[in-house]
Amino acid sequence: MTGTLDLGAYLERIGWNGEARPDLATLAALLDAHMMRIPFENLDVLLGRGIRLDLDALQHKLVDARRGGYCFEHATLFAAALESLGFAPVRHAARVVLAAPRAAAPRTHMFLTVPVGGATYVVDPGFGSLAPRAPVPLADATGPRGDADTHWLARDGGYRVLRTRRDDQVIDCWVSTLVDDNLVDFEMGNHYTATHPSSPFVNRLMLRTLTDDGQVGVMNRDVTRWRDGVATSSQLADRAALRALLVESFGFDLPEALRLRVPSIPEWN
């Protein structure tokens, strides 16, 4: 996890034209700009490529090549940008509990906490379709603190739980002890996530990009488009349809998508 970040190129990538101060307003605006411009995707995992976390590799892929990535890539890149702008982000690991109980969930998610203005906030740009669009106050809560808030943090013993609400149901996203992890811990988690046979990232196609009026999400062949809070669904017919979607909605052309191997879509392999 070495290398250097070209901050100017990164700010151009996310469409940032304003002044950047180490305050909450800037943190929130940077997070929103990052998530609007850099999608969530696991295509390189399914193409059999390694996922590198050094800044040179992240600069090349997410900034210069205008691609996306998953949590380890997003959080590492965003943390480097914040540090370059005078923030002091702390890197943490979490156990995702969307599909498994805490005791069975490995520590394979990366997020940040950022102290600013006398408070600390959770920043999580790489959590896919459930990622919070704004910094989440690191304080015990029983629900969103305002109409614009979508996520909150609850306490469960020695753990903090990131929660959100969808379709009137409360969803536990991840749990973390908030210990300060070493950089090598994220290399280990990234390796497991990108290579272990039971990792969902090596078995499923997962994509998400934000739009001006909603977002587009892909799980295997299923495509869901949200526009002004209304969801419509469709299915990808083949790899050519996927490539067209990548160009139209995700802003990049990936010829290698025609060679994608997705174990949960046997006829694509």
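Residues numbered from 1 in each chain as written. Predicted model: local features only at pLDDT ≥ 70, side-chain atom pairs only at ≥ 80, totals over all residues. Heavy atoms only, no water.

A. Focus on the sheet that holds strand β6 (residues 151–156). Overall, antiparallel pairing links the seven strands, which are arranged β5-β4-β3-β2-β8-β7-β6 in an open sheet. The sheet is open, and its two borders are formed by β5 (136–137) and β6, each paired with just one other strand. One ladder, built from two bridges, connects strand β2 (residues 90–96) with strand β8 (residues 169–176); its direction is antiparallel. Paired with valine 96 across the strands is tryptophan 174, a residue of β8. With respect to the sheet, helix α5 (residues 71–84) is in contact with β2, β3 (109–116) and β4 (119–123), its orientation differing from that of β3 by roughly 20°. (Pairing = 2+ DSSP bridges. Helix = DSSP H or I, 4+ residues; strand = E, 2+ residues; numbered from the N terminus. Contact = heavy atoms within 4.5 Å. Axes fitted to C-alpha atoms, helices over the stretch in contact; angles between N-to-C directions.)

B. View of unusual backbone geometry. Residues other than glycine seldom take positive phi values, yet arginine 66 does so here, at roughly 55°. With respect to the helices and strands, arginine 66 occurs in the loop between α4 (55–64) and α5. Positive phi values are uncommon outside glycine, yet asparagine 220 reaches one of about 60°. In this structure, asparagine 220 sits in the loop between β10 (214–219) and β11 (222–227). The buried category is assigned to asparagine 220, whose relative accessible area is 15%. (Buried < 20%, exposed > 50% of the residue type's maximum accessible area, 1.4 Å probe, protein only.)

C. Quick peek at the pattern of salt bridges. Counted under the stated rule, the structure contains 19 salt bridges. Across the pair glutamate 41 and arginine 67 runs a salt bridge whose closest N-O atoms are separated by 2.8 Å. Here the residue glutamate 41 occupies a position in strand β1 (residues 40–41), and arginine 67 occupies one in the loop between α4 and α5, the gap between them amounting to 26 residues. Note on accessibility: glutamate 41 and arginine 67 belong to one class, buried. (Salt bridge = Lys/Arg side-chain N within 4 Å of Asp/Glu carboxyl O.)

D. Quick look at the nonpolar core. Among the nonpolar cores identified, the biggest contains 55 residues, and Tyr10, Leu30, Phe78 and Trp174 are the most heavily contacted of them. Ranked by residue count, the leading element in this core is α5, at nine residues. In terms of nonpolar packing, the next biggest core, distinct from the first, is built from 19 residues, Leu207, Val216, Val223 and Ala257 among them. (Core = buried A, V, L, I, M, F, W, Y, C linked by side-chain atoms within 4.5 Å.)

E. Local environment of the pairing of β2. Pairing between β2 and β3: five bridges, direction antiparallel. Across the sheet, alanine 94 pairs through a bridge with histidine 109, a residue of β3.

F. The packing of helix α2 (residues 24–37) against α5, seen in detail. In contact at an axis separation of 12 Å, α2 and α5 are set at 140° when each is read in the N-to-C sense. One way to sum up the angle between α2 and α5 is to call them oblique. In the packing of α2 onto α5, the handedness of the crossing is right-handed. Of the residues in α5, those in contact with Leu27, Leu30, Leu31 and His34 of α2 are His74, Leu77, Phe78 and Leu82. Partitioned by chemical class, the residues of the contact of α2 with α5 number six nonpolar, two polar and no charged. (Parallel < 35°, antiparallel > 145°, perpendicular 65-115°, else oblique. Left-handed = near helix turned anticlockwise from the far one by under 90°. Nonpolar A, V, L, I, M, F, W, Y, C, P; charged D, E, K, R; others polar.)

G. Here's a closer look at the sheet that holds strand β9 (residues 206–211). Sheet architecture is open: five strands sit in the order β1-β9-β10-β11-β12, paired in antiparallel fashion. The open sheet is flanked by β1 and β12 (230–235), the only strands paired with a single partner. Where β10 lies against β11, six bridges are found, and the strand directions are antiparallel. Paired with glycine 214 across the two strands is arginine 227, which belongs to β11.

H. Summary view of the packing of α4 against α5. Interaxial distance between α4 and α5 falls to 10 Å at its minimum, and their mutual angle equals 105°. In terms of orientation, α4 and α5 fall into the roughly perpendicular class. Where α4 approaches α5, its residues Leu55, Leu58, Lys61, Leu62 and Val63 are matched on the opposing element by Glu73, Thr76, Leu77 and Ala80. Considered class by class, the residues forming the contact of α4 with α5 number six nonpolar, one polar and two charged.

I. α5, seen in detail. If you check α5, its first and last C-alpha atoms are 20 Å apart, about what 14 residues at 1.5 Å a residue would give, namely 20 Å. For α5, the buried fraction is high: 12 of the 14 residues fall into the buried class. Considered for burial, the residues of α5 that qualify are Cys71, Phe72, Glu73, His74, Ala75, Thr76, Leu77, Phe78, Ala79, Ala80, Ala81 and Leu82. Of the residues flanking the end of α5, it is glycine 86, one or two places downstream, whose phi is positive at about 100°. (Expected span 1.5 Å × (residues − 1).)

J. Local environment of the environment of isoleucine 51. Tracing the chain through its elements places isoleucine 51 in the loop between α3 (43–46) and α4. On the basis of relative accessible area, isoleucine 51 is assigned to the buried category, the value being 11%. Between the alpha carbons of isoleucine 51 and glutamate 12 there is a distance of 23 Å; along the sequence they are 39 residues apart. Setting aside chain neighbours within four positions, we find isoleucine 51 in contact with Asp44, Val45, Lys61, Tyr70, Glu73, Asn190 and Ala194.

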